[in-house]
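Read off the chains here:
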Amino acid sequence: GAGVSQSPSNKVTEKGKDVELRCDPISGHTALYWYRQRLGQGLEFLIYFQGNSAPDKSGLPSDRFSAERTGESVSTLTIQRTQQEDSAVYLCASSWTSGGHNEQFFGPGTRLTVL
Amino acid sequence: AQSVTQLDSQVPVFEEAPVELRCNYSSSVSVYLFWYVQYPNQGLQLLLKYLSGSTLVKGINGFEAEFNKSQTSFHLRKPSVHISDTAEYFCAVSDQGNNFNKFYFGSGTKLNVKP
């Protein structure tokens, strides 16, 4: 079946603009994660969704960042009033269920460049 | 919270030579351990994982890793590398405790296999 997909693959925006990034998880996966990967750094956890439970937003770096997910389907990550330090690759991953023993399947990422 | 250290940002090696990519994590609580690989222009994919049982774990493409609890390490090894192993490798840790839904990633090691 299809893997995790993300769109757009690349996004260039101007400082101060809002951007919306989309993630389509693997069908049937109840858990969905967003990560940020800055150049030369590891993956930084942003937010986690599990079914209809309240999301774990503890990794969001500021209130300019928000994410939504309807049920067990598509998720969108929104960054308001983008700053240059928001430039990074944003990765989405999904897994069958929650629990650290479950493999996460990653999408190809969205490369965001803020000018 | 965990922190994951991959000391080597880049590892150059000749084809058919052995290689070891190092990974250390900070907390000694019970953990799940993973290695992910990212080939050029592709998403992250699971290479191998340790959940319990034997401390020597075998993964795809001839890679293996050994969990050492006393040294809080999970080094990745391959006895003979191939050009196609050129990629970036990420170590990840998930606690079995309160934050078991969170994965903590290292900053990655770029393996460059030369002919």
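Scroll up a little and you will see the structure.
Criteria and thresholds
- Residues numbered from 1 in each chain as written.
- Chains lettered and ligands numbered in written order.
- Predicted model: local features only at pLDDT ≥ 70, side-chain atom pairs only at ≥ 80, totals over all residues.
- Heavy atoms only, no water.
- Helix = DSSP H or I, 4+ residues; strand = E, 2+ residues; numbered from the N terminus.
- Rg over C-alpha atoms; globule rule 2.2 N^0.38 Å.
- Buried < 20%, exposed > 50% of the residue type's maximum accessible area, 1.4 Å probe, protein only.
- Contact = heavy atoms within 4.5 Å.
- Areas by Shrake-Rupley, 256 points an atom, 1.4 Å probe, with all protein chains shown as cover.
- Buried area = accessible area lost by both parts, 1.4 Å probe.
- Salt bridge = Lys/Arg side-chain N within 4 Å of Asp/Glu carboxyl O.
- Polar contact = N/O pair within 3.5 Å; in protein donor to acceptor, adjacent residues only side chain to side chain.
- Nonpolar A, V, L, I, M, F, W, Y, C, P; charged D, E, K, R; others polar.
- Pairing = 2+ DSSP bridges.
- Axes fitted to C-alpha atoms, helices over the stretch in contact; angles between N-to-C directions.
- Disulfide = S-S within 2.5 Å.

Can you walk me through the overall build of chain B in this structure?
The secondary structure content of chain B amounts to 0 helices and 12 strands. A compact globule built from 115 residues should have a C-alpha radius of gyration of about 13 Å, and chain B, at 14 Å, falls within 12% of that. If you line up chain B on its principal axes, its C-alpha atoms span 45 × 30 × 20 Å. Expressed as a percentage of the 115 residues in chain B, the buried residues total 48%. Long-range pairs, those at least 24 residues apart, make up 56% of the contacts in chain B with a sequence separation of at least 6. Entry remark: accessible area of chain B is about 5500 Å², with carbon and sulfur atoms responsible for 47%.

Please clarify how the interface of chain B and chain A should be interpreted in this entry.
Interfaces are often described in size by the accessible area the parts lose on coming together. Taken together, the contacts link 18 residues of chain B with 22 residues of chain A. Of the roughly 1600 Å² buried where chain B meets chain A, counting both sides, 59% is carbon and sulfur surface. Between chain B and chain A we count 0 salt bridges in total. Counting the contacts that link chain B with chain A gives 1 residue pair in polar contact (both at pLDDT 80 or more). Element by element, the count of residues in the side of chain B that touches chain A is highest for strand E5 (residues 31-38) of chain B, at 4 residues. Taken together, the residues that form the side of chain B that touches chain A break down as 10 nonpolar, 6 polar and 2 charged.

Honestly, the pairing of strand E8 (residues 88-95) of chain A in this entry has me stumped. Any pointers?
Residues and elements named next belong to chain A. The buried count for E8 comes to 8 of 8 residues, which makes it a mostly enclosed element. The alternating pattern of E8 places Ala88, Tyr90, Cys92 and Ser94 and Val89, Leu91, Ala93 and Ser95 on opposite faces, both of which are buried. Bridge count for strand E4 (residues 31-37) against E8 is 7 bridges, and the pairing is antiparallel. Following the sheet pairing, Arg36 is matched in E8 by Tyr90.

Would you take a moment to explain the sheet that holds strand E1 (residues 5-7) of chain A for this structure?
Hydrogen bonds between backbone atoms are what pair the strands of a sheet, whose relative direction is either parallel or antiparallel. Residue and element names in this part refer to chain A. One open sheet accounts for 4 strands, arranged E1-E3-E7-E6; its pairing is antiparallel. At either margin of the open sheet sits one strand with a lone partner, and together these are E1 and strand E6 (65-69). On average, each strand axis in the sheet is tilted by 15° relative to the strand beside it, whichever way the strands run. Strand direction decides the pairing type here: E6 and strand E7 (residues 75-79), joined by 5 bridges, are antiparallel. Bridge pairing links Ala67 to Leu77 in E7.

What's the story with the environment of B:Leu21 in this structure? I'm lost.
Residue and element names in this part refer to chain B. Inspection of the secondary structure assignment puts Leu21 in strand E3 (residues 19-21). According to the relative accessible area criterion, Leu21 is buried, its value standing at 1%. For the pair formed by Leu21 and Glu88, sequence separation is 67 residues and the distance between their alpha carbons is 11 Å.

Any chance you could explain the state of the cysteines here in plain terms?
Note on terminology: disulfide describes a covalent bond linking the sulfur atoms of two cysteines. Summed over the entire model, instances satisfying the criterion amount to 2 disulfides over all chains. Between the sulfur of A:Cys23 and that of A:Cys92 lies a disulfide, 1.9 Å long from S to S. Between A:Cys23 and A:Cys92 the disulfide shows an S-S torsion of about -65°. By sign, it is left-handed. With A:Cys23 in strand E3 (residues 19-24) and A:Cys92 in strand E8, this pair connects stretches of sequence that are 69 residues apart. The class of A:Cys92 is buried, set by a relative accessible area of 0%. The disulfide partner of B:Cys23 is B:Cys91, and the gap between their sulfur atoms is 1.9 Å. On the sign convention where negative is left-handed, the bridge of B:Cys23 and B:Cys91, at about -65° about the S-S bond, is left-handed. On the criterion of sequence distance, the pair formed by B:Cys23 in the loop between E3 and strand E4 (24-25) and B:Cys91 in strand E10 (residues 87-95) is long-range, its members being 68 residues apart.

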